[in-house]
Each structure stands twice: as structure tokens, then as C-alpha cells.
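# Close look at the chain arrangement
Below are the chains, spelled out letter by letter.
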Amino acid sequence: MLVTLQIRENVERMGLKISSCGDDMLQLRRCLAASYFLNAALKQPDGTYRVLANGQIAEIHPTSVLRRPKPECIVFYNLVQTTRNYVRNVTRIDCLWLAELAPQCYALKDD
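Given the structure is predicted, the values throughout are model-derived calculations rather than measurements.

### Considering the nonpolar core
By size, the foremost hydrophobic cluster in this structure holds ten residues: Ala 33, Phe 37, Ala 40, Cys 73, Val 75, Ile 93, Trp 97, Leu 98, Ala 102 and Tyr 106. Every residue in contact with Tyr 106, bar those within four places of it in the chain, is listed here: Phe 37, Leu 38, Ala 40, Leu 52, Leu 98 and Ala 99. Counting residues in each nonpolar core, the second largest holds nine residues, with Ala 41, Tyr 49, Val 51 and Ile 60 among its members.

What follows is the structure in C-alpha cells.
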């Protein structure tokens, strides 16, 4: 709760409007993509994910609701290394957002 209060105070101090996105999660997912673009991963043909920043192969953690069905592109908060690499705190994103929101790291290929 303290974190929420600190965020609210900072937002108010900056003069920004506080509003809810309601049931429209698109804004939140885009915000997460912009924040965690270095933790983006693409689904591979075998169902694993390749982390774009470093090429590591990982799976969505077994406790995640996104384990089935598996989205094509994700961002994640942390990567846990056990006998396998697992990504946790996963959000589905549109891979095209990466070039838009983080052009310093991603670009669309010209065909």
C-alpha cells in the first residue's frame, strides 16, 4: 500500500491526471511493453520463448495463466533459473509495439 501512495504522490506532484483504464487493458499492456522492452521474448516453434535481448531460451512458469494458450510475444518481469529457465510475471504484447515503443533497440525488417 505504501508503494501505491508514493506513486500517487509523485504523479500528483508532477501534475499528471490520475485515471483508470477500466476494462481496457491495452494501455496497461503497452505501458508494460515500453517499460520492460529488454525483457521481451518471442515464441519459438517448440513452444519455448527466445529472449530478444540476449537469446536465452525460457519457458513460461508453470503457475502462470498464460502458459496455455501461449501468446506469440511477451514481456516478463523476471527470469528464474532452475533446471530450466522460466519467465514469471508475464504479459502478452503485440510484437509490433517493440519497434514503436523502443526504436532504440528494435526495428521492423524491410522485406
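### So, the state of the cysteines
Applying the stated criterion across every chain, the model contains zero disulfides. Cysteine Cys 21 shares no disulfide, and the gap to the nearest cysteine sulfur, in Cys 31, comes to 9.7 Å. On the basis of relative accessibility, which here comes to 29%, the residue Cys 21 falls in the partly exposed class.

### Some thoughts on the pairing of strand S1 (residues 40-43)
Two strands pair when backbone bridges link them, and S1 and strand S4 (residues 73-81) are joined in this way by three bridges, in the antiparallel orientation. Each residue of the ladder has a partner; that of Ala 40, found in S4, is Val 75. Alignment of S1 against strand S2 (residues 49-51), held across three bridges, turns out to be antiparallel. Paired with Ala 41 across the strands is Val 51, a residue of S2.

### Some details on the sheet that holds S1
Reading around the circumference, S1-S2-S3-S5-S4 is the order of the five strands in this closed barrel, with mixed pairing throughout. The mean angle between the axes of side-by-side strands here comes to 50°, regardless of whether they run parallel or antiparallel. Pairing analysis gives seven bridges linking S4 to strand S5 (residues 85-92), with the strands arranged antiparallel. Note on S5: the bridge partner recorded for Gln 81 is Asn 85.

Thresholds, definitions, all that
- Residues numbered from 1 in each chain as written.
- Predicted model: local features only at pLDDT ≥ 70, side-chain atom pairs only at ≥ 80, totals over all residues.
- Heavy atoms only, no water.
- Core = buried A, V, L, I, M, F, W, Y, C linked by side-chain atoms within 4.5 Å.
- Buried < 20%, exposed > 50% of the residue type's maximum accessible area, 1.4 Å probe, protein only.
- Contact = heavy atoms within 4.5 Å.
- Disulfide = S-S within 2.5 Å.
- Pairing = 2+ DSSP bridges.
- Helix = DSSP H or I, 4+ residues; strand = E, 2+ residues; numbered from the N terminus.
- Axes fitted to C-alpha atoms, helices over the stretch in contact; angles between N-to-C directions.

All quantities given are derived from atomic positions and should not be read as evidence of function.
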